[in-house]
Amino acid sequence: MIPKHTLLIAVLVMPLSAQPAPPPVVTETTVTETLTPGKKVVEETVVEHRIAPPVAFDPRGRLEIAPHLIPVPEAAAGKTTETTETTTTHVAGRTYNTERSVVVVEGRELPYVTVPVLFVKETADLLDSESRSALDQTAAAILEISKSNPTAKFDIEGHTSTDGADEMNLNLSAERARRVFAELTGHYQIPAAILSAHGYGESYPTYPNGTEEQMTLDRRVLVVRVN
């Protein structure tokens, strides 16, 4: 029998340049050694994967876009429920497009941001410092937009995954929305008159039958510009 030894090597290569660097490249090298009496053959396979850069959280860039009316075909109003990885449509008349970060409600297209705040599971407690940083950026964006658009208003939406009982998820989503509302009005002194908060529970999942990782994405808080 010919023994074989396979070694997998992953190397992260970061290009050096004065210009903005392209996405880093992960190089995977597979080395296969074949040993025979008096002879060793080494075969090497190299595969490169370019890593997509993370999308920057830019609440101001999204929320400074004002809501607007769109035509709604009568035949499409309140028909069926359709779910894909990018868009969720519900009989209740709310359509979330996660690619464009808009929700269509009663013929109006409302821009939103998904605030990357994480909560301790089944609570409204913030999980980490990154969540606090996300609230810092969200509050700054709302305050800046309010200066140039005094009539702008925003709704904070709490959502959960489909894991758990309906009533529990509805209450939990409302608690999380209220928690963000309280942080924005209390800690950051945003006027309560320009904010509102609602919990939708598991009514609008992007991944209704998803993995645990996907359901984590459904446990989200949105800030929607409603005016």
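Everything numeric in this text was worked out from a predicted model, so none of it was measured.

**Comments concerning the confidence of the model for the protein chain**
Logical step 1: When pLDDT is averaged across the protein chain, the result is 79; 67% of the residues are at 70 or more.
Logical step 2: In the model, residues 6–21 has pLDDT below 50 throughout and makes 26 contacts with residues more than four positions away in sequence or in other chains.
Logical step 3: pLDDT under 50 marks residues 75–91. Its contacts with residues more than four places away, or in other chains, come to 38 contacts.

**A few points about the pairing of strand β7 (residues 94–97)**
Logical step 1: In this sheet, strand β8 (residues 102–105) lies alongside β7 in antiparallel orientation, the contact comprising 4 bridges. For asparagine 97, the partnering residue across the bridge sits in β8 and is valine 102.
Logical step 2: Connecting the antiparallel pair β7 and β8 is a turn made up of 4 residues, with serine 101 showing a positive phi of about 55°.

**A few points about unusual backbone geometry**
Logical step 1: Phi angles above zero are rare outside glycine, and serine 101 is one such case at about 55°.
Logical step 2: Following the sequence through the fold, serine 101 ends up in the loop between β7 and β8.
Logical step 3: For glutamate 106, which is not a glycine, the phi torsion comes out positive at approximately 50°.
Logical step 4: What makes glutamate 106 exposed here is its relative accessible area of 76%.

Rules of the game
Residues numbered from 1 in each chain as written. Predicted model: local features only at pLDDT ≥ 70, side-chain atom pairs only at ≥ 80, totals over all residues. Heavy atoms only, no water. pLDDT = per-residue confidence, 0-100. Contact = heavy atoms within 4.5 Å. Pairing = 2+ DSSP bridges. Helix = DSSP H or I, 4+ residues; strand = E, 2+ residues; numbered from the N terminus. Buried < 20%, exposed > 50% of the residue type's maximum accessible area, 1.4 Å probe, protein only.

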